[in-house]
Every structure is written in structure tokens, then in C-alpha cells.
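# Fold and geometry: a report
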Amino acid sequence: MSTSGYKGSPSVLRGALVQLVEDIVGVIPNIIAFQYNPEAITRGVNPWNPFEVDQTSRGAQAPTVQPYSPQETFSFSLELNAADDMERGNPITVGTGVAPQIAALQKLTQPTEGLLGDLVSSAKMLAGQEVVERPTVPVTLLILGPGLMYPVRVTSISVEQKEFNPLLYPIQASVTLELTVLTPDVFKCRKTAANSVATAAYNYSKLQEDVLAILNISNTVTNTVGSLPI
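Residues numbered from 1 in each chain as written. Predicted model: local features only at pLDDT ≥ 70, side-chain atom pairs only at ≥ 80, totals over all residues. Heavy atoms only, no water.

## Some details on the layout of surface pockets
Approximately 300 Å³ is the volume attributed to the second largest pocket. Those elements that provide at least two residues to the lining of the second largest pocket are β2 (26–33), β4 (71–81) and α3 (99–106). Across the lining of the second largest pocket, the residue classes break down as ten nonpolar, five polar and three charged. (1 Å grid on protein atoms, 1.4 Å probe; cavity = no way out; pocket = protein on both sides within 12 Å on 5 of 7 lines; lining within 4 Å. Points joined across faces, edges and corners; volume = space filled by probe spheres on them. Helix = DSSP H or I, 4+ residues; strand = E, 2+ residues; numbered from the N terminus. Nonpolar A, V, L, I, M, F, W, Y, C, P; charged D, E, K, R; others polar.)

In C-alpha cells, the structure reads:
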């Protein structure tokens, strides 16, 4: 993918949300590639605050204590537009616009056991057998280039539909997503293939973050040598 139609334009990787659906046959990734990368991303880091703990019921907390990883969040908007596929005559897009992309994003918030797993559960319910397992939402990876691959939980989806085809399916939409990063601690209670992939992705991203922090120190030392009074 290029940034423009001119030859020699730099290739740009597309971000994606990858849902790790654990089916009967194993982990099946549900990949939702961004049609356009978001123009702006808001990233929040909320450290644990020792001053919010009731100091009268337990020992006083040191002001620098940090027993938990900071809670990290991401929020951004995705633009969806069916114009190009409609011009190419894609029958699915001509009929339903960007509704399939919106539906795929909404599935990120819904519990599932995979295509085969859901089929088996539905068959059990149809036969009158009670399904007692607690439904869970599959782990989702937020991928923004090779340097950031975090397991996340989608906490909010807001969709603004802008234009519609004759069947009232949207052909343009803006989708605002809010995501919370899941740390490896939340995966310790259950050993699954998807949880192992999520933990590895988190550790990989944190390793790159550590490397970048070291590079910043090296760059800062190089640029400030002789300019500080120490």
C-alpha cells in the first residue's frame, strides 16, 4: 500500500485487529485489517496510585511503590468507505456497503466459541441440553506496525453512519474504538493457545519499548554532552 499513486511512494503497513478465536480445530485468527490507518491515536497510561489507598487500614504506602503494571488504553477512529469496491463492482459491497466491516468490529465484543464451537452449542441447546460454560470474549490483538502488538479488550464502539445505499445499508461510516491493554497477569488463570500468543505479543512489544527507551538515553547523551553543568 502506498501513500499516493506516484511511483516511489513509501509503502505503508496497514494496522489491524486480530481476534484469536479458539475453535474446536484450534486457534483461528479473525483478521480485521484497517481500510485506512487512523490519522490520530490517543494512548493513555494510568499508573497505580498509592495515595488512593486507605492508609488507616494498612501500612503506609511508599510514594514510589508500583505493585501493578500501569493500565494502558488506546482510542482512535477508523474511516470506512465502500466507494472503491462499489466502483469495482464487488457484489457484496454493492449490496451491503460497509455493513460487513461494522459487523466484524462489533463481533469483537461478543462471546464466541468459534464457528464450529457455536454450531455445537446451538445444536446442544436445540436438543434441550443445558450449556453451563460461562461465555467469554476471544482475545484480540491490536497491531500497529511491527513495534506494537498488544492484547486488548474492546471497551467501547461508537459508529457514525454517514451515507446509505438504496437498501439503507451504510456506504460510509466512522467507527470510534476504545481499547484496554491486557497484561500477562490476566491470562494466568487459564492456559490456552490464544492466551500464550497474547502473552508473547505483550512481552515482545514491551521488549521493543525497552530498546527504544535505551536508544533515547543514548541519543540524549550524545546531544547534551557539554551543555549540562554537571
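We are not done yet, so read on.
## Looking at the packing of aromatic side chains
Each aromatic ring pair is specified by the distance between its two centres and by the angle formed by the two planes. Per the stated rule, a full pass over the model turns up three aromatic pairs. Consider the rings of F34 and F76, whose centres lie 5.8 Å apart with planes at 55 degrees: the pair is tilted. Here F34, found in the loop between β2 and β3 (41–46), pairs with F76, found in strand β4; they are 42 residues apart in sequence, far enough to count as distant. The exposure classification of F34 matches that of F76, with both residues buried. On the numbers, 5.5 Å between centres and 50 degrees between planes, the contact of Y150 with Y202 is tilted. Placement of Y150 in strand β6 (residues 149–164) and of Y202 in helix α5 (residues 193–224) is noted, with a sequence separation of 52 residues between them. An identical accessibility class is assigned to Y150 and Y202; each is buried. (Phe/Tyr/Trp six-rings, centres within 6.5 Å; stacked < 30°, edge-to-face > 60°. Buried < 20%, exposed > 50% of the residue type's maximum accessible area, 1.4 Å probe, protein only.)

## Topic: unusual backbone geometry
The phi dihedral of L168 falls on the positive side, at around 70 degrees, and the residue is not glycine. By the secondary structure assignment, L168 is in the loop between β6 and β7 (170–181).

## Topic: a nonpolar patch on the surface
Taken together, the side chains of L207, V211, L212 and L215 make up a nonpolar region of the molecular surface, amounting to roughly 390 Å² of accessible area. Checked against the element boundaries, L212 lands in helix α5. (Patch = residues over 30% accessible without salt bridge, like charges linked within 9 Å, V, L, I, M, F, W, Y side chains within 5 Å. Areas by Shrake-Rupley, 256 points an atom, 1.4 Å probe, with all protein chains shown as cover. Salt bridge = Lys/Arg side-chain N within 4 Å of Asp/Glu carboxyl O.)

## Here we look at α3
Looking at α3, one finds that the buried residues are A99, I102 and L105. With its buried residues spanning 125 degrees around the axis, α3 presents them on a single face. In this fold, the buried residues of α3 make contact with β1 (16–23), β2, β4, α2 (91–96), β6 and β7. (Arc of directions from axis to C-beta. Contact = heavy atoms within 4.5 Å.)

## Let's talk about the nonpolar core
By size, the foremost hydrophobic cluster in this structure holds 24 residues, and its most contacted members are L17, L142, L177 and L179. Elements with a minimum of two residues in this core: β4, α3, β6 and β7. In terms of residues, this core owes the most to one element, β7, which gives six residues. Setting aside residues up to four positions removed in sequence, L142 forms contacts with A16, L17, F34, F74, F76, L148, M149, Y150, V152 and L179. V18, L182, F187 and A198 belong to the second-largest nonpolar core, a separate cluster that totals nine residues. (Core = buried A, V, L, I, M, F, W, Y, C linked by side-chain atoms within 4.5 Å.)

## Quick look at the pattern of salt bridges
The final tally for this structure, using the stated rule, is seven salt bridges. Put simply, K206 and E72 hold a salt bridge, and the shortest N to O gap is 2.7 Å. In this pair, K206 sits in helix α5 while E72 sits in strand β4, placing the two residues 134 residues apart along the sequence. Note on accessibility: K206 and E72 belong to one class, buried. Linking K206 and E209 is a salt bridge whose minimum nitrogen-to-oxygen distance equals 3.4 Å. Pair noted here: K206 and E209 are both in helix α5, with a separation of three residues, about one helical turn. Look at E209 and you get partly exposed, because its relative accessible area is 34%. Bridged by salt links that share partners, the residues R43, E72, K206 and E209 form one connected network.

## With respect to the confidence of the model for the protein chain
Where the model shows low pLDDT, its predicted coordinates should not be examined in detail. The share of residues in the protein chain with pLDDT of 70 or more is 74%, and the mean pLDDT across the chain is 83. In the model of the protein chain, helix α4 (residues 114–126) stands out as the element of lowest mean pLDDT, 65, in contrast to β7, which has the highest, 97. (pLDDT = per-residue confidence, 0-100.)

## Some remarks on the sheet that holds β3
Strand order in the open sheet made by the seven strands is β2-β1-β5-β6-β7-β4-β3, with antiparallel pairing throughout. The outermost strands of the open sheet, each flanked by one partner alone, are β2 and β3. Along the sheet, successive strands turn relative to each other by an average axial angle of 30 degrees, direction set aside. Where β3 lies against β4, six bridges are found, and the strand directions are antiparallel. Paired with V45 across the strands is E72, a residue of β4. Seen against the sheet, α3 touches β1, β2, β4, β6 and β7 and runs at an angle of roughly 15 degrees to β7. (Pairing = 2+ DSSP bridges. Axes fitted to C-alpha atoms, helices over the stretch in contact; angles between N-to-C directions.)

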